[in-house]
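Now for the letters of each chain:
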Amino acid sequence: MADSVKLNYVVPPDDFTRAGEASSAVKKTLKKLGIHPDVIRRVAIAMYEGEINMVIHAQGGEITVEIYPDRVVMVLADRGPGIANIDLAMQAGYSTAPEEVRNLGFGAGMGLPNMKKYTDEMQVESTLGVGTTVSMTVYNPA
């Protein structure tokens, strides 16, 4: 592998049928690069949760993934309404998803908690009315 492989994806707004395309594409790329299966699983889960959050709350956004020999770094950025209380949003079961989204089986309030659970490092930066950026890292054991 070169020093790193950089991938970029656009997450379309309000399209639950396409949510997950970026995480699936990254999963395929990681498999081709011979990355450890546990790393692949953790990256795919964290990214999928982030994609769903972007569709539900933020009118889509952009994901940048950088794959290094020792880690996978994902940056998910949107221009949505922002998160008013990050600590509250990180609590399992807390959700601001509308009823119609919950009726589709999404919005159970596990997105951010699962993103944190399946990554080694995670930072959330959010400004109301501007958007949210979530940076996540999963380390690849040598």
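Structure: above.
Treat the numbers as computed from the prediction; the structure is a model and nothing was measured.

Let us now look at the packing of aromatic side chains. One pair of aromatic rings is described through two measures. These are the centre distance and the angle between the planes. Inspection of every chain in the model, using the stated rule, returns one aromatic pair. When the ring centre of tyrosine 68 is taken as origin, the NZ or CZ atom of arginine 71, which lies over that ring, is 3.9 Å away.

Here the focus is the sheet that holds strand E5 (residues 131-139). Ordered by their spatial adjacency, five strands build an open sheet running E1-E2-E3-E5-E4, and the pairing between neighbours is antiparallel. Unpaired on one side and paired on the other, strand E1 (5-11) and strand E4 (121-127) mark the two borders of the sheet. Across this sheet, the average inter-strand angle for adjacent strands is 10°, counted without regard to direction. Pairing analysis gives seven bridges linking strand E3 (residues 71-77) to E5, with the strands arranged antiparallel. Bridging across to E5, leucine 76 finds its partner in valine 134. The strands touched by helix H1 (residues 21-32) are E1, strand E2 (61-68) and E3; relative to E1, the strand with the most contacts, the crossing angle is about 160°. Of the strands in this sheet, E1, E2, E3 and E5 are in contact with helix H2 (residues 37-57), which crosses E3 at around 0°.

It helps to recall that an α-helix has 3.6 residues per turn; residues three or four apart then point in one direction. Its 21 residues place the ends of H2 30 Å apart at the C-alpha level, agreeing with the 30 Å of an ideal helix rising 1.5 Å per residue. Once H2 ends, the next one or two residues include glutamine 59, with phi positive near 55°.

Once that is clear, we can look at H1. The terminal C-alpha atoms of H1, which comprises 12 residues, lie 17 Å apart, in line with the 16 Å expected from a rise of 1.5 Å per residue. Turning to H1, its buried residues number three or more, namely Ala22, Ser23, Val26 and Leu30. Each buried residue of H1 sits inside an arc of 95° when the element is viewed along its axis, so together they form one side. Along H1, the residues that are exposed and aim more than 90 degrees away from the buried face are Lys28, Lys31 and Lys32. One or two residues past the end of H1 sits glycine 34, with phi positive at roughly 75°.

This part takes up the environment of threonine 119. Position of threonine 119 among the secondary structure elements: in the loop between helix H5 (111-117) and E4. Taking the C-alpha atoms as reference points, threonine 119 and valine 73, separated by 46 residues in sequence, lie 9.7 Å from one another. Look past the residues within four positions of threonine 119 in its chain and what remains in contact with it is Arg42, Ala46, Met74, Met136, Thr137 and Val138.

Pairing between E4 and E5: seven bridges, direction antiparallel. Across the sheet, the residue bridging to methionine 122 is methionine 136, located in E5. Taking the residues between adjacent antiparallel strands as the criterion, E4 and E5 are bridged by three residues, where glycine 129 takes a positive phi near 80°.

If you look at the biggest cluster of nonpolar residues, it comprises 33 residues, and the most contacted ones within it are Val43, Ile63, Val65 and Met74. Sorting the residues of this core by element identifies E1, H1, H2, E2, E3, H5, E4 and E5 as the ones contributing at least two each. With nine residues, H2 is the largest single contributor of residues to this core.

Parameters and conventions
Residues numbered from 1 in each chain as written. Predicted model: local features only at pLDDT ≥ 70, side-chain atom pairs only at ≥ 80, totals over all residues. Heavy atoms only, no water. Phe/Tyr/Trp six-rings, centres within 6.5 Å; stacked < 30°, edge-to-face > 60°. Lys NZ or Arg CZ within 6 Å of the ring centre and 35° of its normal. Pairing = 2+ DSSP bridges. Helix = DSSP H or I, 4+ residues; strand = E, 2+ residues; numbered from the N terminus. Axes fitted to C-alpha atoms, helices over the stretch in contact; angles between N-to-C directions. Contact = heavy atoms within 4.5 Å. Expected span 1.5 Å × (residues − 1). Buried < 20%, exposed > 50% of the residue type's maximum accessible area, 1.4 Å probe, protein only. Arc of directions from axis to C-beta. Core = buried A, V, L, I, M, F, W, Y, C linked by side-chain atoms within 4.5 Å.

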